[in-house]
Amino acid sequence: MSDTMTVIKTENVKKIYSDNGLPVKAVNGIDLTINEKEFTAIVGPSGSGKTTFLNVISGLDKATEGKVWLNGKLISEMSGKELSDFRRDNIGFIFQAYNLIPVLTVEENIEYIMLLQNVPKEERHQRVMDILEDVGLKGFEDRKPPRLSGGQQQRVAIARAMVSKPVLILADEPTANLDSETGAELLDMMRELNQKHSMTFLFSTHDQMIMDRATRLVILKDGQVDEDRVKS
Amino acid sequence: MLMFKIAFRNIFRQKRRTIFTALTIFGGFVLAAFSIGWADGSYTFIINMFTRNRLGHIQIHYKDYLNQPSIYKTISNYEEVAEKLDDMDHIESWTPRLFAAGLLSLHDQSTGAQLTGIQPEKENQATRFRQKIIKGELFEKADHKTVLGKGLARVLQANVGDSVVFISQAADGSMANDIYEVCGILESGDSMSDRMAFYLHLQDAQDLMVLYGQIHEIAVIVDELGRVDMMTDRLRDAFTNEDLTVEPWQEFAKSFYHAMKADMEGMWIMLIVIMLIVAVGVLNTVLMSVLERTREYGLLKAMGTKPVQIFKLVLYQVNILTFFSCLLGIALSIILNYWLSKDGITLPNAFTYGGMEFKHMYTTVNLRSILLPLITVFFTAVIVGIFPAIRAAKNDPAQSMRTH
Ligand SMILES: Nc1ncnc2c1ncn2[C@@H]1O[C@H](COP(=O)(O)OP(=O)(O)O)[C@@H](O)[C@H]1O
Ligand SMILES: [Mg+2]
């Protein structure tokens with residue numbers, strides 16, 4: 001292995017759904033390696049397999065075939081219980097929408113995973129405050145999500161995903177519900193955090209303006225990698 | 001704790017639905033508590049009326065007098081028995097009686113009569129005897145006066161001041177007959193027994209029947225109906241070696257007791273109805289909220305929340321709602337049952353039971369009327385909550401977090 005650490009490695013990953021008895025090859029044999037600190041976009045039209053591939057990488061979904069290593073661990077063989085803890089400790093999730101628990105405040109949402117991890121109270125609070133500063137939401141800690149704008153909610157989601165310092169941040173179309181300006185701002189912020197904290201980001205999109213901000217593009221077509229391009 | 005916090009806050013999200021469910025649980029609870037309070041109150045009231053009117057809660061006889069009455073089966077050492085009774089706690093009062101059957105005549109009218117010899121003060125304490133006298137008054141000492149039942153007085157066309165003749169056979173085999181002056185007419189509420197009722201002072205009765213110092217029965221009134229069984233045991237212990245038989249009202253008034261018991265069975269049907277009301281209300285709400293929050297449970301799971309924790313989260317919501325609804329239910333039930341235990345309810349139609357007429361009914365506040373609904377409601381809510389909770393726990397985040 002080289003001096004750059006591999007975060008994700010997939011080997012001939014397939015996910016075949018059955019749609020009324022007919023097989024749907026959502027992911028059809030993907031070999032991909034993602035290294036530390038990369039800022040990669042998975043790109044492709046709707047139905048090309050982006051969500052399915054991300055779900056298989058994170059272990060939310062099980063691959064029909066193939067192997068997935070995350071941080072050196074073969075997660076495609078893990079049991080559900082093992083996987084649940086592994087996910088909690090190694091992956092930060094950002095979904096397209098519904099990222100936050102509406103009855104919890106911003107601070108409570110962000111500290112949720114740390115609570116599951118039994119991080120002491122003072123440390124939790126300190127880390128929430130630091131990350132809120134990073135995402136530009138200082139002073140919003142006691143707000144509840146319904147009283148935040150869409151962009152602010154996604155920023156809280158980023159803070160929540162990053163706060164427990166996972167090895168990988170997975171974001172499935174994080175900007176799809178935002179207008180393009182807010183989406184671009186969000187991406188710029190993610191890129192900034194990617195550099196500042198040396199964190200690995202893998203996100204999906206079908207928006208041209210978002211792809212432009214990625215440092216590496218993995219283009220999917222019918223569940224397969226059509227093109228893998230690293231930008232300077 | 002974290003799950004509890006989320007559960008607690010979730011309850012206030014769908015206010016209208018929460019209120020509706022809470023009202024269902026609350027309503028079910030109060031209905032159950034009131035029904036039990038009402039049933040228990042009524043039964044206590046009816047049993048007390050029945051037993052305190054004449055029979056007493058517990059009766060003491062010589063051997064098998066109750067099954068095969070005989071003038072010879074007497075309690076001869078009744079002063080000793082009396083002393084022991086006076087020393088016991090929880091005995092409100094007791095009264096000695098002597099019985100005999102005979103023929104009662106006035107002018108040319110005669111009819112069968114049941115002689116009961118009583119001590120006026122003791123009998124009055126135990127069975128409020130004076131209140132039952134509708135004409136004239138109760139004799140105070142043994143001076144050949146009698147109180148007649150209303151029906152008996154009518155048959156003989158007797159009135160206060162008349163002299164009646166009683167004829168029977170005394171214990172020594174001699175003819176027992178004497179003249180007594182009617183000093184009062186009594187209506188006990190039990191018209192059957194009033195047709196035969198011929199009351200004398202205990203001493204007059206003992207003289208007439210040649211049973212000096214002897215009686216046939218002691219009727220005991222206990223301070224609370226609920227203590228009857230305990231006191232029966234205690235009396236049995238106290239009188240084991242004296243050839244005395246101690247029986248509670250359930251035994252000497254068997255048919256009345258069985259009628260009461262049969263009535264109480266109806267309560268179970270009511271509890272099942274309430275379980276159904278609560279079950280439907282809770283199931284509907286919880287299932288709806290679980291279906292609506294599929295994404296939230298998916299998110300929690302994606303972040304590493306365990307299925308058990310999500311299961312708990314849903315059941316907490318059910319339990320918190322049930323808890324507060326029951327708390328309100330307990331408050332209202334106690335107020336309602338207490339209020340109606342004081343003021344009572346006037347029945348639209350008076351009814352008769354055990355030969356007595358009832359116009360008012362009273363509820364009661366007891367532990368049972370709170371505990372039984374509480375157990376029923378919680379049990380139902382939790383059972384019904386398990387299904388949606390499992391559903392939420394099984395949530396598949398890969399599916400529920402998809403946006404299309
Ligand atoms: N649960 C499922 N059952 C059957 N087919 C599915 C299921 N989930 C996704 N698919 C199909 O898999 C393909 C890839 O879907 P998806 O991964 O969501 O693509 P994308 O995120 O790029 O839009 C699509 O054709 C979709 O219809
Ligand atoms: Mg998708």
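You'll find the structure just up there.
Here's what I pulled together on the structure shown here. (Residues numbered from 1 in each chain as written. Chains lettered and ligands numbered in written order. Predicted model: local features only at pLDDT ≥ 70, side-chain atom pairs only at ≥ 80, totals over all residues. Heavy atoms only, no water.)

## What about the nonpolar core?
- Counting residues in hydrophobic clusters, the biggest one holds 75 residues, and the most contacted among them are Tyr112(A) and Leu202(A).
- Take this core: its biggest share by element is 9 residues, from helix α10 (residues 254–292) of chain B.
- Contacts of Tyr112(A), omitting those with residues within four sequence positions, involve Leu104(A), Leu2(B), Met3(B), Ile6(B), Leu300(B), Met303(B) and Thr305(B).
- Residues Ile46(B), Ala113(B), Ala171(B) and Phe252(B) belong to the second largest nonpolar core, which totals 62 residues. (Core = buried A, V, L, I, M, F, W, Y, C linked by side-chain atoms within 4.5 Å. Buried < 20%, exposed > 50% of the residue type's maximum accessible area, 1.4 Å probe, protein only. Helix = DSSP H or I, 4+ residues; strand = E, 2+ residues; numbered from the N terminus. Contact = heavy atoms within 4.5 Å.)

## Considering the pattern of salt bridges
- Evaluation of the coordinates by the stated rule reveals 28 salt bridges over all chains.
- As a salt-bridge pair, Arg124(A) and Glu111(A) come within 3.0 Å of each other at their nearest N and O atoms. Pair noted here: Arg124(A) is in helix α4 (residues 121–134) and Glu111(A) is in helix α3 (residues 106–116), with a separation of 13 residues, a long-range link. Both residues of the pair, Arg124(A) and Glu111(A), count as buried.
- A salt bridge links Glu292(B) to Arg17(B); the nearest nitrogen and oxygen atoms lie 2.5 Å apart. Taken together, the residues Glu292(B) in helix α10 and Arg17(B) in helix α2 (residues 15–55) connect sequence positions 275 residues apart.
- A relative accessible area of 44% places Glu292(B) in the partly exposed class.
- With a relative accessible area of 13%, Arg17(B) lands in the buried category. (Salt bridge = Lys/Arg side-chain N within 4 Å of Asp/Glu carboxyl O.)

## Things to note about the site of ligand 1
- With respect to spatial proximity, 14 residues lie near ligand 1, and among them Gly47(A), Lys50(A), Thr51(A), Thr52(A) and Arg402(B) are the closest.
- Gly47(A) is positioned such that a nitrogen or oxygen atom in its backbone is 2.7 Å from an oxygen atom of ligand 1.
- In this structure, an oxygen atom belonging to ligand 1 sits 3.3 Å away from a main-chain N or O atom of Ser48(A).
- Isolated, ligand 1 exposes 560 Å² of accessible area, and the fraction of that covered by the protein chains is 76%.
- Sorting the residues of the shell around ligand 1 by element identifies β2 (22–35) and α1 (50–58) of chain A as the ones contributing at least two each.
- For the shell around ligand 1, the element with the highest residue contribution is α1(A), accounting for 3 residues.
- Of the residues in the shell around ligand 1, the class split is 4 nonpolar, 8 polar and 2 charged. (Near = heavy atom within 4 Å. Polar contact = N/O pair within 3.5 Å; in protein donor to acceptor, adjacent residues only side chain to side chain. Areas by Shrake-Rupley, 256 points an atom, 1.4 Å probe, with all protein chains shown as cover. Nonpolar A, V, L, I, M, F, W, Y, C, P; charged D, E, K, R; others polar.)

## Remarks on the interface of chain B and chain A
- Facing 25 residues of chain B, the contacting portion of chain A comprises 29 residues.
- With both chains or domains summed, chain B and chain A bury close to 2,400 Å², and 63% of this area falls on carbon and sulfur atoms.
- In this structure, Glu108(A) and Arg9(B) form a salt bridge, with 2.5 Å as the shortest nitrogen-oxygen distance.
- The interface formed by chain B and chain A holds 9 residue pairs in polar contact (both at pLDDT 80 or more) in total.
- Of all the elements in the fold, those that place two or more residues in the side of chain B that touches chain A are α1 (2–11), α11 (294–302) and α14 (397–400) of chain B.
- A breakdown of the residues in the side of chain B that touches chain A according to their chemical character gives 10 nonpolar, 6 polar and 9 charged. (Buried area = accessible area lost by both parts, 1.4 Å probe.)

## Notes on the sheet that holds strand β3 (residues 39–43) of chain A
All names here are of chain A.
- With mixed pairing, 6 strands are arranged side by side in an open sheet as β6-β7-β8-β3-β9-β10. Across the chains shown, the open sheet's two edge strands, defined by having one partner strand only, are β6 (91–94) and β10 (224–230). Across the sheet, the mean angle separating the axes of adjacent strands is 15° when strand polarity is ignored.
- Two elements, strand β7 (residues 168–172) and strand β8 (residues 200–205), share 5 bridges in a ladder whose sense is parallel. Residue pairing for β8: Ala 171 is matched across the bridge by Phe 203. (Pairing = 2+ DSSP bridges. Axes fitted to C-alpha atoms, helices over the stretch in contact; angles between N-to-C directions.)

## Topic: the sheet that holds β2(A)
Residues and elements named next belong to chain A.
- One open sheet accounts for 4 strands, arranged β2-β1-β4-β5; its pairing is antiparallel. The open sheet terminates on both sides in strands that have one partner only, identified here as β2 and β5 (73–74).
- Note that strand β1 (residues 6–19) and strand β4 (residues 65–70) share 5 bridges and pair antiparallel. Bridge pairing in β4 places Thr 10 opposite Val 68.

## Points about the side chain of Gln96(A)
- The topology assignment puts Gln96(A) in the loop between β6 and α3.
- Of the polar contacts made by the side chain of Gln96(A), one reaches the side chain of Asn177(A); its length is 2.9 Å.
- Sequence-distant contacts of Gln96(A), defined by excluding residues within four places in its chain, comprise Gln154(A), Asp172(A), Glu173(A), Pro174(A), Ala176(A), Asn177(A) and Thr403(B).

## A few points about the environment of Leu148(B)
Residues and elements named next belong to chain B.
- Position of Leu 148 among the secondary structure elements: in strand β5 (residues 145–149).
- Residue class for Leu 148 comes out buried when judged on its relative accessible area of 0%.
- When the C-alpha atoms of Leu 148 and Lys 135 are compared, they prove to be 10.0 Å apart, with 13 residues separating the residues in sequence.
- Those residues in contact with Leu 148, other than ones at most four positions away along the chain, are Leu 104, Ala 153, Ala 158, Val 182, Gly 184, Ile 185, Leu 186, Ala 197 and Phe 198.

## Comments concerning the side chain of Arg216(A)
All names here are of chain A.
- Mapped onto the elements of the fold, Arg 216 is located in strand β9 (residues 216–221).
- The exposure class of Arg 216 is buried, given its relative accessible area of 8%.
- A polar side-chain atom of Arg 216 sits 2.7 Å from a polar atom in the side chain of Asp 228.
- Excluding its chain neighbours within four sequence positions, the residues that come into contact with Arg 216 are Leu 32, Thr 33, Ile 34, Glu 38, Phe 39, Thr 40, Ala 41, Asp 228, Arg 229, Val 230 and Lys 231.

## A few points about α1(B)
- Buried within α1(B) we find Leu2(B), Met3(B), Ile6(B), Ala7(B), Asn10(B) and Ile11(B).
- Tucked inside the fold, the buried residues of α1(B) contact α3 of chain A together with α2, α11 and α12 (307–342) of chain B.

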